Number of protein chains: 2
Amino acid sequence: MRLGNVDVPRDTCQLVGNILGHLGDKWSVLIIVLLRERPMRYSELERQIETVSKKMLTTTLRHLERDGFISRAVTPTIPPRVDYQLSELGREVMEPLDVLARWALRNSDRIVEARSRYDSDHEP
Amino acid sequence: MRLGNVDVPRDTCQLVGNILGHLGDKWSVLIIVLLRERPMRYSELERQIETVSKKMLTTTLRHLERDGFISRAVTPTIPPRVDYQLSELGREVMEPLDVLARWALRNSDRIVEARSRYDSDHEP
DNA sequence: TCAATTGGTCTCCATTAGAGACCATAGGAT
DNA sequence: ATCCTATGGTCTCTAATGGAGACCAATTGA
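The rules behind each value
- Residues numbered from 1 in each chain as written.
- Chains lettered and ligands numbered in written order.
- Predicted model: local features only at pLDDT ≥ 70, side-chain atom pairs only at ≥ 80, totals over all residues.
- Heavy atoms only, no water.
- Near = heavy atom within 4 Å.
- Polar contact = N/O pair within 3.5 Å; in protein donor to acceptor, adjacent residues only side chain to side chain.
- Nonpolar A, V, L, I, M, F, W, Y, C, P; charged D, E, K, R; others polar.
- Pairing = 2+ DSSP bridges.
- Helix = DSSP H or I, 4+ residues; strand = E, 2+ residues; numbered from the N terminus.
- Contact = heavy atoms within 4.5 Å.
- Buried area = accessible area lost by both parts, 1.4 Å probe.
- Salt bridge = Lys/Arg side-chain N within 4 Å of Asp/Glu carboxyl O.
- Least-squares fit on C-alpha atoms with pLDDT ≥ 70 in both.
- Buried < 20%, exposed > 50% of the residue type's maximum accessible area, 1.4 Å probe, protein only.

The next thing to look at is the protein's contact with DNA strand C. The full set close to DNA strand C counts 19 residues, and A:Lys55, A:Met56, B:Ser43, B:Arg72 and B:Pro80 are the nearest of them. The sugar and phosphate moieties of DNA strand C supply 73% of its atoms located within 4 Å of the protein. Between DNA strand C and the protein, one listed contact pairs a phosphate oxygen with a side-chain N or O atom of A:Lys26 at 2.9 Å. A distance of 3.0 Å separates a phosphate oxygen of DNA strand C from a polar atom in the backbone of B:Val82. Each residue belonging to the surface near DNA strand C can be placed in one class, and the counts come to 8 nonpolar, 3 polar and 8 charged.

Bringing the sheet that holds strand E3 (residues 40-41) of chain B into the picture now. Residues and elements named next belong to chain B. Strand order in this open sheet of 3 strands is E3-E5-E4, and the pairing throughout is antiparallel. A strand with exactly one partner marks an edge of an open sheet, and here the two such strands are E3 and strand E4 (70-75). In this sheet, strand E5 (residues 81-86) lies alongside E3 in antiparallel orientation, the contact comprising 2 bridges. The residue bridging arginine 41 from the neighbouring strand is aspartate 83, located in E5.

This part takes up the interface of chain B and chain A. On the side of chain A, 48 residues touch chain B, which itself brings 48 residues to the contact. Both faces combined, the contact of chain B with chain A buries some 4500 Å², and carbon together with sulfur accounts for 69% of it. In this structure, B:Glu92 and A:Arg110 form a salt bridge, with 2.7 Å as the shortest nitrogen-oxygen distance. Scanning the region where chain B abuts chain A turns up 8 residue pairs in polar contact (both at pLDDT 80 or more).

Of the transformation superimposing chain B on chain A, the axial component is 0.0 Å and the angular component is 180°, with the fit at an RMSD of 0.1 Å. Expressed as a symmetry operation, the mapping of one chain copy onto the other fits a two-fold axis. For chain B, the smallest separation between a C-alpha atom and the rotation axis is recorded for B:Gly24, amounting to 2.0 Å. Most of the interface of chain B is mirrored in chain A: 100% of its interface residues are interface residues there too.

To continue, consider the environment of A:Glu65. Relative to the helices and strands, A:Glu65 resides in helix H4 (residues 54-66). Owing to a relative accessible area of 17%, A:Glu65 belongs among the buried residues under this scheme. Setting aside residues up to four positions removed in sequence, A:Glu65 forms contacts with A:Ile70, A:Arg72, B:Tyr118 and B:His122.

Moving on, we get to the pattern of salt bridges. Residue and element names in this part refer to chain B. One pass over the structure, following the stated rule, counts 18 salt bridges over all chains. Of the charged contacts in the structure, one is a salt bridge between glutamate 44 and arginine 38, with a shortest N-O distance of 2.4 Å. Taking the relative accessible area as the measure of exposure, glutamate 44 reaches 22% and is therefore partly exposed. Residue classification places arginine 38 among the partly exposed residues on the basis of a relative accessible area of 36%.

So this is what it looks like as structure tokens:
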């Protein structure tokens, strides 16, 4: 793998791929973006995202916690209360994520065009 | 959704999420990175990636083509020859992708640490 | 004559995602 | 007194998705 003009050894490359893979799965980025605004409770995230199942919300949060992007604070009241917030690492990853999101935003027209071109070329 | 200090309307945000989603799936980034080096034939990509199944390689290539990141050139010889290469859009998306990959590279230690901390805290 | 090559598609099985029931418990409303 | 709601999950069952690999058509080289 190459980054800029640096050759990246194979196992490091796998790690990067792995991290990118996690960040790239269906809900991670969305959760990070939401938590950037402010810390949120589990149920709040659930309501904000709407289309996520409890199971996937839980597993995605666990992954993000394990990788150190968010922290999880339990208050053992009844009913229980669990707050999630971005960690320092989570806040830092926002920057490259923003770069990518801004690029997507700037170029969304071109992608939409490419798609309709492809679709009209391939359906007959 | 917010990017920097700009508020992004909901449907545009969905598009960005959608694009990020595609880029984030298991093989896309790897294929883009490989094609940055030089154009490659189907079988060459297959050999480079090793662990990808034909089915997934084909569907990922189709998605990338539909979104306009790569182009596909068929030479109808026997046996057939199909060349894939990055389009202009594909070359442009490398930049934000590089930013993210470099970040991952710089911070991989912290993530590895976070993981082992999490694992030792949660297994007993 | 036989094997190898290519870019897929197709089928069959394994893994993963999603929908939603369920839980324990307290406080508030009726 | 009794119900209802709220919370942060887990668990089960089903639907969708992913992977392994057989198969194909046709030509060239051994």
